Amino acid sequence: MSHFILDCDPGHDDAVAMLFAAKHLSLSGITTVFGNTNVDNTTKNALALIDAAGIEVPVAQGAAGPLSGTLESGESVHGKSGLDGANLPQGHQQSVTESGAEFLISAARKESDLVIIAIAPLTNLALALKQAPDIAQKIQEISIMGGSTGVGNVTPVAEFNIFADPEAAAIVFSSGIPIRMAGLNITSKFGINASQVAALRASSALLPREIGGALDYYLTRQHSIYGRTHAPIHDVCAVIPYTHPDLIQYESMHVEVEYQGDITRGQTVCDQRGIMSDDGLSPPKFKNARVAISARGETISNLAIESLLSYT
Ligand code: BDR
Ligand code: CA
């Protein structure tokens, strides 16, 4: 089995993805980044989660802000702490001294089968690629939660993880590393419902109960912002190809990140028809990404709940 690193900004759905990944895969490391809240909070949340889950895995704190542009935050969805609604004890483990980018570089140089599951702004990966371009040949795959083949959630066309650092996302998508992209076009369509949240909250075990509290908060925010009756678990979708490969279908296509447009900054332009070429005459551009186009959402949600309830 490959070596896996989770690059994340916990974050409610990041927490679900982390706990799901830890049950099904062997994680070699966790890198954190700004995003749903500031990077001190996302690191604190990651350390609290692994401690409560009884997992020993190195955590490296990553970037505090984007390569350029303004600092975005998902606090309107995830609360000030990034994981509002949960009351987890502070973790005992400390983050390692390497930065997120340094951690990714050493892991890529050490392991020939490294998969990076990237469920947050792509700044750590872009910094790693800028500092050590050789790692592009060494990383087996990057599985991203981010972007969309259609509508966005921050602007009409941009999804949060890409919008928070479009320059970084452009570096990653053009790196030549095999990419999977699970975007909003599938991840926002399903999620955890109120009765599943209630089941978690009723657990006698600390971790599922506190995650239940967190998802209760998150579901309320999803309802008031988007009118949803489910809480999307976007980030889990980037883990699924390695645990239950039949549940998400992908299609290969050329994807480019728009970072210059006034109203389209952060859009992932997905060439579903295979018509983009450099000059309109030469062959279509290289299919650099496998893009998720359909998913068995109810099964994914049920599996996520099952894995959360299994933490006793
Ligand atoms: C993505 O943005 C974050 O708020 C979530 O954790 C997820 O990674 C969804 O747009
Ligand atoms: Ca995330």
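Given the structure is predicted, the values throughout are model-derived calculations rather than measurements. (Residues numbered from 1 in each chain as written. Chains lettered and ligands numbered in written order. Predicted model: local features only at pLDDT ≥ 70, side-chain atom pairs only at ≥ 80, totals over all residues. Heavy atoms only, no water.)

Moving on to the overall build of the protein. Counting its secondary structure elements, the protein contains 12 helices and nine strands. For 312 residues, the compact-globule estimate of 2.2 N^0.38 gives 20 Å, and the C-alpha radius of gyration of the protein, at 18 Å, lies within 12% of that figure. Taking the principal axes of its C-alpha atoms as reference, the protein extends roughly 65 × 40 × 35 Å. Taking all 312 residues of the protein together, the buried fraction comes to 57%. For the protein, the exposed surface amounts to about 12,600 Å²; the carbon and sulfur share of it is 50%. Mean positive and mean negative side-chain charge positions of the protein (19 and 32 charges, respectively) differ by 3 Å. (Helix = DSSP H or I, 4+ residues; strand = E, 2+ residues; numbered from the N terminus. Rg over C-alpha atoms; globule rule 2.2 N^0.38 Å. Buried < 20%, exposed > 50% of the residue type's maximum accessible area, 1.4 Å probe, protein only. Areas by Shrake-Rupley, 256 points an atom, 1.4 Å probe, with all protein chains shown as cover. Lys, Arg positive; Asp, Glu negative; His and termini not counted. Charge placed at Lys NZ, Arg CZ, Asp CG, Glu CD.)

Looking at where Ile171 falls in the secondary structure, it is placed in helix H7 (residues 166–173). A sequence separation of 46 residues divides Ile171 from Leu125, and the C-alpha atoms of the two residues are 8.7 Å apart. Ignoring sequence-local partners within four residues, the contact set of Ile171 consists of Leu67, Ala126, Leu129 and Lys130. (Contact = heavy atoms within 4.5 Å.)

In this structure, Asp9 (OD), Asp14 (OD), Asp14 (OD), Ile119 (O) and Asp235 (OD) serve as the protein donors to the calcium ion (ligand 2), at separations of 2.3 to 2.6 Å. Here the donor residues for the calcium ion (ligand 2) map to a single chain with the spacing D-x4-D-x104-I-x115-D. On the criterion of sequence distance, the pair formed by Asp9 in the loop between strand S1 (3–8) and helix H1 (12–24) and Ile119 in the loop between strand S4 (114–118) and helix H5 (123–131) is long-range, its members being 110 residues apart. Overall, the relative accessible area of 0% leaves Ile119 in the buried class. (Donors = N, O, S within 2.8 Å, 3.2 Å for Na, K, Ca; no water.)

On to the site of ligand 1, then. Taken together, Asp13, Asp14, Asn36, His78, Ile119, Met145, Asn153, Glu159, Phe160, Asn161, His234 and Asp235 make up all the residues around ligand 1. A distance of 2.9 Å separates an oxygen atom of ligand 1 from a polar side-chain atom of Asp14. Here Asn36 contributes a side-chain N or O atom positioned 2.6 Å from an oxygen atom of ligand 1. Starting from 280 Å² of accessible surface for ligand 1 in isolation, the protein chains cover 95%. In this structure the site holding ligand 1 corresponds to the largest pocket. Elements that contribute at least two residues to the shell around ligand 1 include exactly H1 and helix H6 (160–163). (Near = heavy atom within 4 Å. Polar contact = N/O pair within 3.5 Å; in protein donor to acceptor, adjacent residues only side chain to side chain. 1 Å grid on protein atoms, 1.4 Å probe; cavity = no way out; pocket = protein on both sides within 12 Å on 5 of 7 lines; lining within 4 Å. Sits in = over half its atoms within 2 Å of the grid points.)

Attention now moves to unusual backbone geometry. The omega torsion of the bond from Pro10 to Gly11 falls at -10 degrees, within 30 degrees of zero and hence cis. Inspection of the secondary structure puts Gly11 in the loop between S1 and H1.

Our next topic: the packing of aromatic side chains. Between two aromatic rings, the relevant description is the distance of the centres plus the angle of the planes. Taken as a whole, this structure holds one aromatic pair when the rule is applied. Above the ring of Tyr250, the side-chain terminus of Arg180 is found at 4.7 Å from the ring centroid. Here the guanidinium or amino end of Arg228 rests over the ring plane of Tyr226, the centre of that ring lying 4.3 Å away. (Phe/Tyr/Trp six-rings, centres within 6.5 Å; stacked < 30°, edge-to-face > 60°. Lys NZ or Arg CZ within 6 Å of the ring centre and 35° of its normal.)

Considered as a void within the structure, the largest pocket measures approximately 350 Å³ in volume. Forming the boundary of the largest pocket are 25 residues, of which Val77, His78, Asn153, Phe160 and Tyr226 lie nearest the centre. Mapped onto the lining of the largest pocket, the elements with two or more residues apiece are H1, helix H3 (75–78), H6 and helix H10 (206–226). At four residues, H10 tops the list of elements feeding residues into the lining of the largest pocket. Its residues assigned to classes, the lining of the largest pocket comprises nine nonpolar, nine polar and seven charged. As a volume, the second largest pocket reaches approximately 180 Å³. (Points joined across faces, edges and corners; volume = space filled by probe spheres on them. Nonpolar A, V, L, I, M, F, W, Y, C, P; charged D, E, K, R; others polar.)

Ile30, Leu49, Ile117 and Leu215 are the most contacted members of the largest nonpolar core, which totals 60 residues. Here this core takes seven residues from H1, the largest share from any one element. Excluding residues that lie within four positions of it along the chain, Ile30 makes contacts with Leu6, Cys8, Met18, Ala46, Ile50, Val57, Pro58, Val59 and Ala60. Counting 37 residues, the second-largest nonpolar core is a separate cluster that includes Ile5, Ala60, Ala118 and Ala169. (Core = buried A, V, L, I, M, F, W, Y, C linked by side-chain atoms within 4.5 Å.)

Note on helix geometry: an α-helix contains 3.6 residues per turn, so any two residues three or four positions apart are oriented the same way. Under the 1.5 Å per step criterion, the end-to-end length of helix H12 (residues 297–309) is 18 Å for 13 residues, consistent within 8% with the ideal 18 Å. Here H12 has its buried residues at Gly297, Ile300, Ser301, Leu303, Ala304, Ile305, Ser307 and Leu308. Contacts from the buried residues of H12 go to H1, helix H9 (194–201), H10, helix H11 (240–243), strand S7 (248–257) and strand S9 (289–295). (Expected span 1.5 Å × (residues − 1).)

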